[in-house]
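# Observations on chain architecture
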Amino acid sequence: MNFHEVRFPASLSFGSAGGPERRTDIVTLANGYEERNTPWAHARRRYDAGLGMRSLDDIETLIAFFEARMGQMYGFRWKDWSDYKSGRARAEVQFDDQVIAQGDGARVEFQLAKTYRSGAFTYQRPISKPVVGSVRIGLEQDELQEAVDYTVDTATGLITFAHPPGIGQDVTAGFEFDVPVRFDTDSIQTSVASFQAGEMPNVPVVEVRV
């Protein structure tokens, strides 16, 4: 697909607002009960990049980035400051932050993923855009060495082992990651007068499937 492996300026995304969006189809039956279903296995995130603008220089940077992406044409990386690590927000990335799979003695490719837990329920989110240099991989309690024991494809989030992990071995990972997104508009309305008066441009951004 049309995607540029470049990150939207993190200093501008820092002040943005947004988060995950789900789609749920709800049918109310004659007896008042509901049937609920979702066609989406994974959430789709939306953000407003306009809220991060603090100066006219920021507007200039935004317009240059928008033009280089040709509006909605090309996707790009986005740092979601509220959720960009495999572990806790204030903690350093550790190789055993997440258990992403178990070895079967034959498989060598594994997708990075982050698991969200609430009580007895979990949701595993595939991670396709890890940050270069941030990925750490382990087997059981041992950290492995990149380029010797495994390689990382930062464009897809795939980990490839030099040798398949043994049967039942926990494959663990720690990483920072970006969200693949695109602009959700082909136009940006800006005004120096309104910006100086405190009115921010509306710059919608939406996650894309990659």
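Above this text you will find the structure in question.
Just so you know, the residues in each chain are numbered from 1, in the order the chain's sequence is written. A pLDDT threshold of at least 70 governs which residues receive local features in this predicted model, and a stricter bar of 80 or more applies before side-chain atom pairs are shown or counted, although totals over entire chains, interfaces and linings include all residues. Based on all heavy atoms of the structure, the side-chain values leave hydrogens and waters out of the count.

## Re the overall build of the chain
Note the following rule: In this description a helix means any DSSP run of H or I spanning at least four residues, a strand means any run of E spanning at least two, and both kinds are numbered starting from the N terminus. For each residue, the accessible area found with a 1.4 Å probe, counting protein chains only, is set against the maximum for its type, and the residue is called buried under 20%, exposed over 50%, and partly exposed in between. Any two residues whose heavy atoms approach within 4.5 Å at even a single point are treated as in contact. Each accessible area is a Shrake-Rupley estimate made with a 1.4 Å probe; only the visible protein chains count as cover when residues are assessed. Residues scored as positive are Lys and Arg, those scored as negative are Asp and Glu, and His as well as the terminal groups of each chain are ignored. To locate a charge, take atom NZ for lysine, CZ for arginine, CG for aspartate or CD for glutamate.
Tallying secondary structure elements over the chain gives three helices and 17 strands in all. The principal-axis extents of the C-alpha atoms in the chain amount to approximately 65 × 55 × 35 Å. Every one of the 210 residues in the chain was classed for burial, and the buried ones make up 40%. Pairs at least 24 apart in sequence give 74% of the contacts found in the chain among residues at least 6 apart. Surface exposure of the chain reaches about 11,800 Å², of which carbon and sulfur atoms provide 49%. Computing the positive centroid from 22 side-chain charges and the negative centroid from 30, the chain places the two 4 Å apart.

## Observations concerning the sheet that holds strand β8 (residues 109–111)
Keep this limit in mind: What makes two strands pair is DSSP finding at least two bridges between them. Lines fitted to the C-alpha atoms define the axes, with helices restricted to the stretch that makes contact. Angles between their N-to-C directions range from 0 to 180 degrees.
Here three strands make up an open sheet; going across it, the order is β8-β14-β13 and the pairing antiparallel. The two strands at the open ends of the sheet, each matched to only one other strand, are β8 and β13 (150–153). Here the average twist between neighbouring strands, direction ignored, is 20 degrees. Across four bridges, β13 lies against strand β14 (residues 158–161) in antiparallel orientation. Bridged to Asp-153 within β14 is Leu-158.

## Points about the nonpolar core
Inside soluble globular proteins, nonpolar side chains tend to come together where they are buried. Definition in use: To qualify as a nonpolar core, a set must consist of buried Ala, Val, Leu, Ile, Met, Phe, Trp, Tyr and Cys residues joined through side-chain atoms within 4.5 Å.
Counting 18 residues, the largest nonpolar core has Phe-8, Leu-62, Phe-76, Trp-78, Val-181, Phe-183 and Val-205 as its most contacted members. Those elements that place two or more of their residues in this core are α2 (56–68), β6 (75–78) and β16 (179–183). Residue contributions to this core peak at four residues, all from α2. In this structure, Val-205 is in contact with Arg-45, Arg-46, Tyr-47, Ala-49, Phe-76, Trp-78, Val-181, Arg-182, Phe-183 and Asp-184, ignoring residues within four places of it in sequence. Counting 17 residues, the second-largest nonpolar core is a separate cluster that includes Ala-101, Phe-110, Leu-144 and Phe-175.

## Topic: the pattern of salt bridges
When their charged atoms lie close together, side chains carrying opposite charge are able to pair. Selection rule: Between Lys or Arg on one side and Asp or Glu on the other, a salt bridge is scored when a side-chain nitrogen of the former is within 4 Å of a carboxyl oxygen of the latter.
Under the counting rule described, the total for this entry stands at 13 salt bridges. For the salt bridge of Asp-178 with Arg-7, the shortest nitrogen-to-oxygen distance reads 2.9 Å. Taken together, the residues Asp-178 in the loop between β15 (170–174) and β16 and Arg-7 in strand β1 (residues 3–7) connect sequence positions 171 residues apart. The exposure class of Asp-178 is buried, given its relative accessible area of 5%. What you see here is one network of salt bridges that share partners, running through Glu-5, Arg-7, Arg-77, Lys-129 and Asp-178.

## A closer look at the sheet that holds strand β11 (residues 136–139)
The strands making up a sheet associate through hydrogen bonds between their backbones, and the pairing can be parallel or antiparallel. If you walk across this open sheet you meet the four strands as β7-β15-β11-β12, and the pairing is antiparallel. Two strands lie at the open edges of the sheet, namely β7 (98–102) and β12 (142–143), each paired on one side alone. When β7 meets β15, the two strands line up antiparallel, connected through four bridges. Bridge assignment links Gln-102 to a residue of β15, and that residue is Asp-170.

## Examining the pairing of β15
Taking burial as the measure, the five residues of β15 include four buried ones, the bulk of the element. Examined bridge by bridge, β11 and β15 share four bridges and lie antiparallel to one another. Counted as the bridge partner of Leu-139 is Val-171 from β15.

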